[in-house]
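What the coordinates show
Below, each chain spelled out in residue letters.
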Amino acid sequence: EDGILLFNSLKYRTTNVFEITKTLGITRTAFYYYFTDKDDFYETLVNYKKEEFLKNYVYTQADKLDIFELLVKLFEYLSNYKASDEEGFFLDLIYNIDYVKQNDLLDQIIKKDDIFEYTYINGLEKFSMDTKDEVFEFVFLLFEIVFHSALNYYLHNVSKDVALHQLKKKLDYLKNGIIKEEYRGENIWER
């Protein structure tokens with residue numbers, strides 16, 4: 001937790017190991033005992049928060065989550081840190097998100113090589129995609145939309161409800177397309 005609070009005041013891209021050790025009150029030797037470099041330290045913090053999200057929003061669900069429900073939960077998780085002690089860390093994380101590393105998050109949620117035997121997500125079989133790579137690519141796009149929505153929420157003076165409504169509208173467009181209503185499937189947000 002101290003490391004996360006550290007990045008509330010220090011920015012990941014501009015800070016260095018000296019500043020980290022000084023702020024945390026540890027020696028460089030102690031730092032390098034546990035971490036190979038600044039990136040390793042930061043990734044450990046990100047993985048801690050990723051596990052927190054999975055534990056509190058995914059693994060505890062009685063039923064499988066629809067992918068779109070999962071994305072709304074991810075937005076809610078990220079948005080909960082606005083105006084908190086950890087806001088700076090999350091804002092920096094949202095700015096610097098590595099979409100390639102989201103593969104790890106999705107692997108932890110799916111936990112299977114066969115995309116149609118996923119553990120925690122429901123509904124991926126409805127997508128017109130045949131391979132795990134295609135699903136990952138599409139889900140990265142969805143994650144990017146969630147992170148962009150969270151960034152807008154953090155940086156602009158909109159309420160969480162408005163930001164969430166805007167996100168759901170974007171996800172609805174992706175799920176149902178932009179064809180006229182009479183040709184569209186069920187609106188997932190009006191159940």
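To be clear, the structure that these remarks concern was listed above.
Residues numbered from 1 in each chain as written. Predicted model: local features only at pLDDT ≥ 70, side-chain atom pairs only at ≥ 80, totals over all residues. Heavy atoms only, no water.

All right, on to the overall build of the protein chain then. Counting its regular elements, the protein chain contains nine helices and two strands. Order of helices (α) and strands (β) in the protein chain, N terminus to C terminus: α-α-α-α-β-α-α-α-β-α-α. Across the 191 residues that make up the protein chain, the buried fraction comes to 43%. Across the protein chain, the fraction of contacts at a sequence separation of at least 24, relative to all contacts at a separation of at least 6, is 61%. Here the protein chain displays about 11,000 Å² of accessible surface, and carbon together with sulfur accounts for 50% of that area. (Helix = DSSP H or I, 4+ residues; strand = E, 2+ residues; numbered from the N terminus. Buried < 20%, exposed > 50% of the residue type's maximum accessible area, 1.4 Å probe, protein only. Contact = heavy atoms within 4.5 Å. Areas by Shrake-Rupley, 256 points an atom, 1.4 Å probe, with all protein chains shown as cover.)

This part is about helix 5 (residues 67–79). An α-helix turns once per 3.6 residues; consequently, residues spaced three or four apart project the same way. Over its 13 residues, helix 5 runs 18 Å from end to end, which matches the ideal 18 Å to within 8%, given 1.5 Å per residue. In terms of burial, helix 5 is largely enclosed, as 10 of its 13 residues are buried. What helix 5 keeps buried is the set Ile67, Phe68, Leu70, Leu71, Val72, Leu74, Phe75, Tyr77, Leu78 and Ser79. Where helix 5 starts, the residue carrying a side-chain oxygen 2.8 Å from the main-chain nitrogen of Phe68 turns out to be Asp66. (Expected span 1.5 Å × (residues − 1). Polar contact = N/O pair within 3.5 Å; in protein donor to acceptor, adjacent residues only side chain to side chain.)

We now examine the packing of helix 4 (residues 38–58) against helix 5. Two elements in contact, helix 4 and helix 5, have axes separated by 11 Å at closest approach and are oriented at 125°. By the angle class used here, helix 4 and helix 5 are oblique. Helix 4 and helix 5 meet at a crossing whose hand is right-handed. Every residue of helix 5 that contacts helix 4 at Lys49, Glu52, Phe53, Tyr57 and Val58 is listed here: Leu70, Lys73, Leu74 and Tyr77. Grouping the amino acids of the contact of helix 4 with helix 5 by side-chain chemistry returns six nonpolar, no polar and three charged. (Axes fitted to C-alpha atoms, helices over the stretch in contact; angles between N-to-C directions. Parallel < 35°, antiparallel > 145°, perpendicular 65-115°, else oblique. Left-handed = near helix turned anticlockwise from the far one by under 90°. Nonpolar A, V, L, I, M, F, W, Y, C, P; charged D, E, K, R; others polar.)

By themselves these figures say nothing about function.
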